[in-house]
Amino acid sequence: SNEFVGNALIDMYAKCGNLMDAHDVFDSLPKQNSVSWGALFAGYALNGHGLHALELYREMIHKDLSPDEIVFSCILKAFTSIEGFNLGKVIHYEIVSRALELDVIVGNTLVDFYVKFGSMNDAMKVFEKLRNPNVVSWGALLAGYAQQRQGIETFELFKVMLSKGIRADNAAFSSVAKACAYSEMVEHGRWVHEEMIRTGLPSDVAVSNALIEMYMKCECIKDARKVFDTMPNRDVVSWNLIITAYTQSGQDLTVLELFGTMQHSCMQPNEVTF
C-alpha cells in the first residue's frame, strides 16, 4: 500500500507486459498520484494498447484529476499505436488549454507524435513554440524529415541545429545520414561524416549503418567499406549493407568472401543476406 513501492510495482509489471497485474496494483493503492497514472499509461503505450489508454484517460478526467506533463506524454505515445491521429489532436487541444504546450517534455512528445503520422507542418508548429528545444526536440524533427526523404531539408535543419550550439547525438547523425542516403547527396553525407568524426562522438551501430547505406547508394564502395571495417561492433544489417554494396557493383567474389567472413564471425545470416 506504500505509494512508492506500489508505483514501482506498476512500472515493473507494465514494462514486463503484464498489464492485468499492473492494473490490480494500481486499483489496490489507497491513493494514486501522477506517477501511478503515468506508469500505467506508459505500460499501455509500450504494449500498443491505445484504446485502453483512452479509457483510462476518460476515467481520470471523470474523477476530476488533472493530468500532468508525464501523463500527457504517455497518452500521446499510446495513440500512435491505434492510428489515433484525431485523438491526439484532441489531447493537443487539452494540452494547450492547460498551458503545457511550451513544456519541453510535452512539446517533444507532440513533435514525435506528429512526425510518426507524417504531419510535418504540425510538428514544426509545435517545435517553433518550444522555449528551449533540446537535442531530443531537434532529433525528433530531423527524424521526421528523414522519414519523408527530404534530404536537403534534413541537412539544412541539421546545420541550423549546430549553429545554435546544440551538440548532435547519434540519433541526429543517423537521421541526417539516412536523409543523405535517400537523396543520394554524397558531398553532404561526407560533410556529416566529417562532422561526426570532428565531434569525437563514439559512433554506434545505427549511425555507421546509415553512413554505409549513404555511401552504398552513392556508389562510393571504398568509403562504405572503410566505415564497415572501422566498426567496433556490427549487426546483421551492417553485413547485409556491405554485401549489397558489392553485389550491386558486380563484385561477386568479394560478396562470397564477405559471406564466409560473416559466418566465421558467428553472425547469423537472415533472409536478406541470402
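Residues numbered from 1 in each chain as written. Predicted model: local features only at pLDDT ≥ 70, side-chain atom pairs only at ≥ 80, totals over all residues. Heavy atoms only, no water.

Asker: Honestly, the pattern of salt bridges in this entry has me stumped. Any pointers?
Answerer: Any two side chains of opposite charge can pair, given that their charged atoms come close. One pass over the full model with this rule turns up eleven salt bridges. The residue Lys129 makes a salt bridge to Glu101 at a minimum N-O spacing of 3.8 Å. In this pair, Lys129 sits in helix α8 (residues 120-129) while Glu101 sits in the loop between α6 (85-97) and α7 (104-116), placing the two residues 28 residues apart along the sequence. Notably, a salt bridge pairs Asp112 with Lys116, separated by 3.1 Å at the nearest N-O pair. (Salt bridge = Lys/Arg side-chain N within 4 Å of Asp/Glu carboxyl O. Helix = DSSP H or I, 4+ residues; strand = E, 2+ residues; numbered from the N terminus.)

Asker: How should the nonpolar core be read in this particular structure?
Answerer: One recurring pattern in soluble globular proteins is that nonpolar side chains are buried together. The biggest cluster of nonpolar side chains holds 85 residues, and the ones touching the most others in it are Phe41 and Leu141. Residues contacting Phe41, with those up to four places away along its chain left out, are Ala53, Leu56, Tyr57, Met60, Val71, Cys74 and Ile75. (Core = buried A, V, L, I, M, F, W, Y, C linked by side-chain atoms within 4.5 Å. Buried < 20%, exposed > 50% of the residue type's maximum accessible area, 1.4 Å probe, protein only. Contact = heavy atoms within 4.5 Å.)

Asker: Would you mind showing me how to read the packing of aromatic side chains here?
Answerer: Each aromatic ring pair is characterised by the separation of its centres together with the angle its planes make. Per the counting criterion, the structure on display carries 14 aromatic pairs. On the numbers, 6.2 Å between centres and 5° between planes, the contact of Phe85 with Phe113 is stacked. Here Phe85, found in helix α6, pairs with Phe113, found in helix α7; they are 28 residues apart in sequence, far enough to count as distant. The exposure class of Phe113 is buried, given its relative accessible area of 1%. With a centroid separation of 5.9 Å and an interplanar angle of 65°, the aromatic rings of Phe259 and Phe274 are classed as edge-to-face. (Phe/Tyr/Trp six-rings, centres within 6.5 Å; stacked < 30°, edge-to-face > 60°.)

Asker: Hey, could you run me through the state of the cysteines in this one?
Answerer: Note on terminology: disulfide describes a covalent bond linking the sulfur atoms of two cysteines. What the rule picks out here adds up to zero disulfides. Sulfur of Cys16: no disulfide; nearest cysteine sulfur belongs to Cys74 and is 17 Å away. Given the relative accessible area of 61%, Cys16 is considered exposed. (Disulfide = S-S within 2.5 Å.)

Asker: Whenever I open this one, helix α9 (residues 135-147) confuses me. Can you help?
Answerer: Each turn of an α-helix holds 3.6 residues, which means side chains three or four residues apart point in the same direction. Along its 13 residues, α9 runs 18 Å from first to last C-alpha, staying within 8% of the 18 Å computed at 1.5 Å per residue. Listed as buried for α9 are Ser137, Trp138, Gly139, Ala140, Leu141, Leu142, Gly144, Tyr145 and Ala146. Contacts from the buried residues of α9 go to α7, α8, α10 (151-163) and α11 (170-182). N-cap assignment for α9: the residue whose side-chain oxygen lies 3.1 Å from the backbone N of Val136 is Asn134. Where α9 ends, the next residue or the one after it, Arg149, has phi of about 60°, a positive value. (Expected span 1.5 Å × (residues − 1). Polar contact = N/O pair within 3.5 Å; in protein donor to acceptor, adjacent residues only side chain to side chain.)

Asker: Looking at this structure, I do not really get helix α2 (residues 19-28). What am I missing?
Answerer: Looking only at α2, the buried set comprises Leu19, Ala22, His23, Val25 and Phe26. Angular distribution of buried residues about the axis of α2 spans 160°; they occupy a single face of the element. Opposite the buried face of α2, at more than 90 degrees from it, the exposed residues are Met20 and Ser28. Buried positions along α2 lie against α1 (3-15), α3 (34-46) and α4 (50-62). (Arc of directions from axis to C-beta.)

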